[in-house]
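# Structural overview
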Amino acid sequence: MSTVDQTIVDAASDPQSERERSRRMAERYRCPFVDLFEQRIDPELFRSIPAELMFRFNFVPMEAQGNALVIAVAEPSQVLLSDELPLLLGKKLILKVATPTQIGDLLKRTEQSQRVLDQATEAFTLTVVEEDEEADATLSADSLTRESAVSPVVRLVDTVIFTALERRASDIHIEARDIEVAVKYRIDGVLVHAMLPIAKDWLSTIISRIKVMSELDIAERRVPQDGRFRVRYKGRFVDFRVSIMPSIHGEDAVLRVLDKETLSEKFATLSLEVVGFSGEDMRKFRRYIREPYGMVQIPVNEKKGLTFARGLRSILRHDPDKIMVGEIRDNETAQIAIQSALTGHLVFTTVHANNVTDVIGRFINMGVEPYNFVSALNCILAQRLVRVVCVHCKKKVRYSREILSASGLDPEIWGQVEFVEGVGCLECSGTGFRGRSAISELLDLSDHIREMIISRRPTSEIKRVAREEGMTFLRDSALAKVREGVTTLKEINKVTFID
C-alpha cells in the first residue's frame, strides 16, 4: 500500500484527526475550510462537470459565480501548481478545502450511474437535421455494421437496467415515438426521463434484446407479449416482469422491477407505523385484525381452469381462519368472499375505487345484495401514497393567500403555518423527494351507516354521516402530513381532491 493510500485509510479511521489535518491545510494555502455534509451541492452544476476531471483532480463543484467556479478540494497544491484544470473547465477557480473522505464519498455515491448511462447512450442519440437534408444524415450510427451494433445495444440495455436499480426505480418505460425512443423511470410513483431520446432506428434492436432476455418471440410484433427475467445485482437476485405492447409508432416495453430480497429485508420490520398510517386509523384497523392465525394465498391460472372463484372455493374446504383475496372484480368472487365472511372467516380483500364510499357502489353494481354486504363488512380502508420530502435538502417556506385559497385552505388559519419543500440535491436526484408515505381513510361500519347502505342512500349522505361520526378523510390525512413536514402542499393537491 502506498504512503498516500495509507494516509487516507488512517484518516478515514479517525475522522476528527482528518478534519484537523484538512483545517491546517486550508490555513496553509489560505483557503476556507468547508464541511460538505452541511453544504447543498447543486445537482445540475454537478452534472455539468466531466466525471473524469472530478475523479482525476479529486474535487467537487459547489457553486458557479459568473465566470468563476467554487470547488472543494482535498489537496489544493494539486490544482494550484498547474493551470490544467482551469483551462479544461474554462473558468477561474475559487478553492475551498474539504476532507478527502467527504469528497471521495460524494463522488462515489452521487450521479455515477447516470454518467455511465450518458456515456453508454452517446452513439444512440438522435441527430437533428433540417428537412432539406438527406434522410441518411438523420441517423447517428449509420456507419456501424450490424455486427458492431450488437454490443452497444446490449451495453445500453444493461446500463439502463443497472441505472434503474441504482436510482430505486420501480418501473422502466421504453416508449416508441414518431422519430425517437424515450426511456423513462418511475421513481417514487413519478415518471422521469432517464436520458435524452434515442434514434428511432434502434427501437427494434432494443426491444429484441429485451425479448431475448425474457425468452419471448422476437419475430412477433403484432400482439402483446409478457415475460420475465432475472439479473444479479450487488450480490442479490432481482426479478423483472416484462410487458411488450404494439403501439402506433412501434412496440413499447415496460419492465417492472421486483426486488424481492430487498423487500424481504424491509418487511422484516414492517409495521403500520412504518407505512405511515395515523394513530387513530391504526387503532381502529388493529381492532379488526388482532391476533391473526394465518393467511392463505394461491396463484390464479385461468388457462388450467383455476379461476379466482374456483380457487376461493377450494380454499374454503381447507377451513382457514383468515383468507386473503387479492382483488374482487366480478360477482362470483364477491359472492364467495361475502359468504366466507358470513360463515366465520375473516376475509381481507381489495377493490379498485376512488375512496371508501365508492366501494359500496362497486359491490352493489356487481349485483351483491346490500343486506348481505353490510352484514359481512367490518370496515373499509382506503389509502394513497404521497412522496416524502428529502431530508437532505428540506427547507421551510410560506405560501401566499392566493395559493392557500386555491388549495382549499383558510388563509387566516394556514397563513402562519410553516410548510416544507425539497430544494433538490444529489441524494434525491434533484427532485426534492425521496421515498413515499401513506395517507388513509377508514370507514367504520356503524349501525347508522349500515342502515343507510341497506336503504341505498346516496354516497354523499353516507360521507356526511361518516364525517359527523369522526371519520378522517384522505384530504384530512394528507393535510396532517403537510403539517408534520412529511410532504408538500403541491404533492397532496396532486393526490387528493381539493374540497
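About the criteria used
Residues numbered from 1 in each chain as written. Predicted model: local features only at pLDDT ≥ 70, side-chain atom pairs only at ≥ 80, totals over all residues. Heavy atoms only, no water. Helix = DSSP H or I, 4+ residues; strand = E, 2+ residues; numbered from the N terminus. Buried < 20%, exposed > 50% of the residue type's maximum accessible area, 1.4 Å probe, protein only. Contact = heavy atoms within 4.5 Å. Expected span 1.5 Å × (residues − 1). Polar contact = N/O pair within 3.5 Å; in protein donor to acceptor, adjacent residues only side chain to side chain. Core = buried A, V, L, I, M, F, W, Y, C linked by side-chain atoms within 4.5 Å. pLDDT = per-residue confidence, 0-100. Phe/Tyr/Trp six-rings, centres within 6.5 Å; stacked < 30°, edge-to-face > 60°. Lys NZ or Arg CZ within 6 Å of the ring centre and 35° of its normal. Salt bridge = Lys/Arg side-chain N within 4 Å of Asp/Glu carboxyl O. Pairing = 2+ DSSP bridges. Axes fitted to C-alpha atoms, helices over the stretch in contact; angles between N-to-C directions.

### With respect to the overall build of the chain
Counting its secondary structure elements, the chain contains 23 helices and 16 strands. Burial analysis of the chain (499 residues in total) assigns 42% to the buried set. Partitioning the contacts of the chain with sequence separation of at least 6, the portion at a separation of at least 24 is 61%.

### Topic: helix α15 (residues 331-342)
Residue pairs three or four apart in sequence face the same way in an α-helix, which turns once every 3.6 residues. Here α15 is twelve residues long and its end C-alpha atoms lie 16 Å apart, about the 16 Å a rise of 1.5 Å per residue gives. Every buried residue of α15 is listed here: Thr333, Ala334, Ile336, Ala337, Ile338 and Ser340. Put simply, Asp330 is the residue that caps the front of α15, since its side-chain oxygen is 3.3 Å from the backbone nitrogen of Glu332. Once α15 ends, the next one or two residues include Gly344, with phi positive near 95°.

### Some points on the environment of Glu421
Mapped onto the secondary structure, Glu421 falls in strand β15 (residues 419-422). Sequence separation between Glu421 and Lys394 is 27 residues; the distance between their C-alpha atoms is 5.7 Å. Among residues more than four places away in sequence, those in contact with Glu421 are Val389, Cys393, Lys394, Lys395, Val397, Tyr399, Thr488 and Lys490. A polar side-chain atom of Glu421 sits 2.5 Å from a polar atom in the side chain of Tyr399.

### Let's talk about helix α10 (residues 203-214)
Compared with the 16 Å implied by 1.5 Å per residue over twelve residues, the 17 Å span of α10 between its first and last C-alpha is a close match. Among the residues making up α10, those that are buried are Leu203, Ile206, Ile207, Ser208, Ile210, Lys211, Met213 and Ser214. Two residues or fewer after α10 comes Glu215, characterised by a positive phi angle close to 60°.

### Section: the nonpolar core
In a soluble, globular protein the nonpolar side chains are often hidden away together inside. The biggest cluster of nonpolar side chains holds 36 residues, and the ones touching the most others in it are Ile161, Ile206, Ile210, Phe240 and Leu255. The element that contributes the greatest number of residues to this core is helix α9 (residues 146-166), accounting for seven residues.

### Re the confidence of the model for the chain
Residue-level pLDDT values for the chain average 78, and 82% of them are 70 or greater. Mean pLDDT across the elements of the chain bottoms out in helix α1 (residues 3-13) (45) and peaks in strand β4 (residues 171-176) (94). Segment residues 122-150: pLDDT under 50, and 29 contacts once partners within four positions in sequence are set aside and those in other chains are kept. Residue range residues 291-296 is modelled with pLDDT below 50. Its contacts to residues more than four positions away, or to other chains, number twelve contacts.

### Concerning the packing of aromatic side chains
One pass over the full model with this rule turns up four aromatic pairs. Between Tyr399 and Phe419 the ring centres are 4.8 Å apart and the planes differ by 45°, which places this aromatic pair in the tilted class. Taken together, the residues Tyr399 in the loop between β14 (394-397) and α18 (401-406) and Phe419 in strand β15 connect sequence positions 20 residues apart. Considered together, Tyr399 and Phe419 belong to a single accessibility category, that of buried residues. Counting every residue linked through ring pairs, the aromatic cluster contains Tyr399, Trp414 and Phe419. For the cation-ring pair, Arg230 lies above Phe237, with the distance from its terminal atom to the ring centre recorded as 5.2 Å. A cation over a ring is seen here: Arg387 above Phe433, with NZ or CZ 4.0 Å from the ring centre.

### Brief notes about the pattern of salt bridges
Within the structure shown, the criterion is met by 19 salt bridges. Between Lys211 and Glu251 there is a salt bridge, with its nearest N and O atoms 3.0 Å apart. Here Lys211 is found in helix α10, whereas its partner Glu251 is found in strand β10 (residues 250-258), with 40 residues between them in sequence. By sharing partners, the salt bridges in this structure join Arg387, Glu491 and Lys494 into a single network.

### A word on the sheet that holds strand β2 (residues 68-73)
A sheet is described by the order of its strands in space; here three strands give the open sequence β1-β2-β3, paired in mixed fashion. Among the strands making up the open sheet, the edge pair consists of β1 (59-65) and β3 (92-97). In this sheet, adjacent strand axes meet at a mean angle of 30° when their direction is disregarded. In this sheet, β2 lies alongside β1 in antiparallel orientation, the contact comprising six bridges. Residue pairing across strands places Glu63 opposite Val70, the latter belonging to β2.

### Thoughts on the pairing of strand β5 (residues 180-187)
Each regular strand shows side chains that alternate between the opposite faces of the sheet. Counting buried positions over the eight residues of β5 gives seven, a clear majority of the element. The pairing of β4 with β5 spans six bridges and is classified as antiparallel. Bridging from a neighbouring strand, Ile172 pairs with Tyr185 of β5. Following β4, the chain reverses through three residues before pairing antiparallel with β5. As judged from the two bridges shared by β5 and strand β7 (residues 198-199), these two strands associate in the antiparallel manner.

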